Amino acid sequence: MSVLKNGDICPVCEKGKLKEIRKDLIFRYKNSSKKFENENVFACDVCDYEALPQETNKRIIKELTDFRRNINGLLLSDQLKSIRKSLGFNIKQMAKFLSVNDKTVGRYENGKVTQSAHIDKLYRILQVFPSVASILRPDIGIPISSFKGHVILSEHVTLRENDNYIPEPVSAYNFIADDYLDLKGSKNATGC
Ligand SMILES: [Zn+2]
């Protein structure tokens, strides 16, 4: 997308010229609407064509994606980014963990692409139980020290891996749940 300027020939009718104006933009989605006030818009003086400057376009796409995510109960761009960062994952490691293309994680975070409900759940699981990352994808090579308080769990998994053991989801979950309770300081509350 090239940079727009006043006087550019309209790419649609090829007769009119683009003129920079200011206007409110309103977007509707599932009975909700979002308004962007007083935005710069390039409008053709002959036909209905309108275009947004590149930077505005980028910002609005991100905000609109978050607007739709919010309505659909999905995590927002900045939440996805902060969960990834809290795990100490870079974009590539996160992509490998999620089994998506390297570029996809960046696109989730800048709002160009909306994560599926399944991917959203994975993020939420990682947020609460970060050790899941080392169980499901030990090949990513995340240092054990990344997970404070989860050292025993990681050692446990490494031993089992040598036996080609694939952790059962249920037992792995229980183990992490116990570990998580300990971290929360409710060790004695489990009644064991
Ligand atoms: Zn035009």
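Residues numbered from 1 in each chain as written. Predicted model: local features only at pLDDT ≥ 70, side-chain atom pairs only at ≥ 80, totals over all residues.

## A word on the sheet that holds strand 2 (residues 32-44)
Item 1. Strand order in the open sheet made by the three strands is 1-2-3, with antiparallel pairing throughout. Since the sheet does not close on itself, it has two edges, and those belong to strand 1 (18-29) and strand 3 (50-51), each with one partner.
Item 2. Where strand 2 and strand 3 come together, two bridges link them in antiparallel fashion. When the bridges of strand 3 are listed, Ala 43 appears paired with Glu 50.
Item 3. Packing of helix 1 (residues 54-71) onto the sheet brings it into contact with strand 1 and strand 2, and relative to strand 2 it is tilted by some 160°. (Pairing = 2+ DSSP bridges. Helix = DSSP H or I, 4+ residues; strand = E, 2+ residues; numbered from the N terminus. Contact = placed C-beta atoms within 7 Å. Axes fitted to C-alpha atoms, helices over the stretch in contact; angles between N-to-C directions.)

## Considerations on the packing of helix 3 (residues 91-98) against helix 4 (residues 102-109)
Item 1. Where helix 3 meets helix 4, the closest approach of the two axes is 8 Å, and the angle between their N-to-C directions is 105°. What the angle tells us is that helix 3 and helix 4 run roughly perpendicular. Between helix 3, through Ile 91, Lys 92, Met 94, Ala 95 and Leu 98, and helix 4, the contact on the second element is made entirely by Asp 102, Thr 104, Val 105 and Gly 106.
Item 2. Its residues assigned to classes, the contact of helix 3 with helix 4 comprises five nonpolar, two polar and two charged. (Parallel < 35°, antiparallel > 145°, perpendicular 65-115°, else oblique. Nonpolar A, V, L, I, M, F, W, Y, C, P; charged D, E, K, R; others polar.)

## What about the pairing of strand 1?
Item 1. Sheet topology places strand 1 next to strand 2; 11 bridges connect them, and they run antiparallel. Bridging across to strand 2, Lys 23 finds its partner in Glu 39.
Item 2. Joining the antiparallel neighbours strand 1 and strand 2 is a turn of two residues, in which Lys 30 adopts a positive phi near 45°.

## Observations concerning the environment of Thr 114
Item 1. Counting through the fold element by element, Thr 114 comes out in the loop between helix 4 and helix 5 (117-128).
Item 2. Among the residues examined, Thr 114 registers 17 C-beta atoms within 10 Å and is labelled partly exposed.
Item 3. For the pair formed by Thr 114 and Arg 69, sequence separation is 45 residues and the distance between their alpha carbons is 7.4 Å. (Buried ≥ 20, exposed ≤ 12 C-beta atoms within 10 Å, placed from the backbone.)

## Considering the packing of helix 2 (residues 77-87) against helix 5
Item 1. At a minimum axis separation of 10 Å, helix 2 and helix 5 run at an interaxial angle of 45°. Classed by the angle they form, the pair helix 2 and helix 5 counts as oblique. As helix 2 packs across helix 5, the resulting crossing turns out to be left-handed. Where helix 2 approaches helix 5, its residues Leu 80, Ile 83 and Leu 87 are matched on the opposing element by Tyr 123, Leu 126 and Gln 127.
Item 2. Broken down by class, the residue content of the contact of helix 2 with helix 5 amounts to five nonpolar, one polar and no charged. (Left-handed = near helix turned anticlockwise from the far one by under 90°.)

## Considerations on the confidence of the model for the chain
Item 1. Of all residues in the chain, 70% have pLDDT values of 70 or greater, and the mean over the chain is 78.
Item 2. Confidence, expressed as mean pLDDT per element, reaches its minimum in the chain at helix 7 (residues 151-162) with 39 and its maximum at helix 4 with 95.
Item 3. Of the regions scoring below 50 in pLDDT, residues 144-192 engages in 34 contacts with residues more than four places distant in sequence or in other chains. (pLDDT = per-residue confidence, 0-100.)

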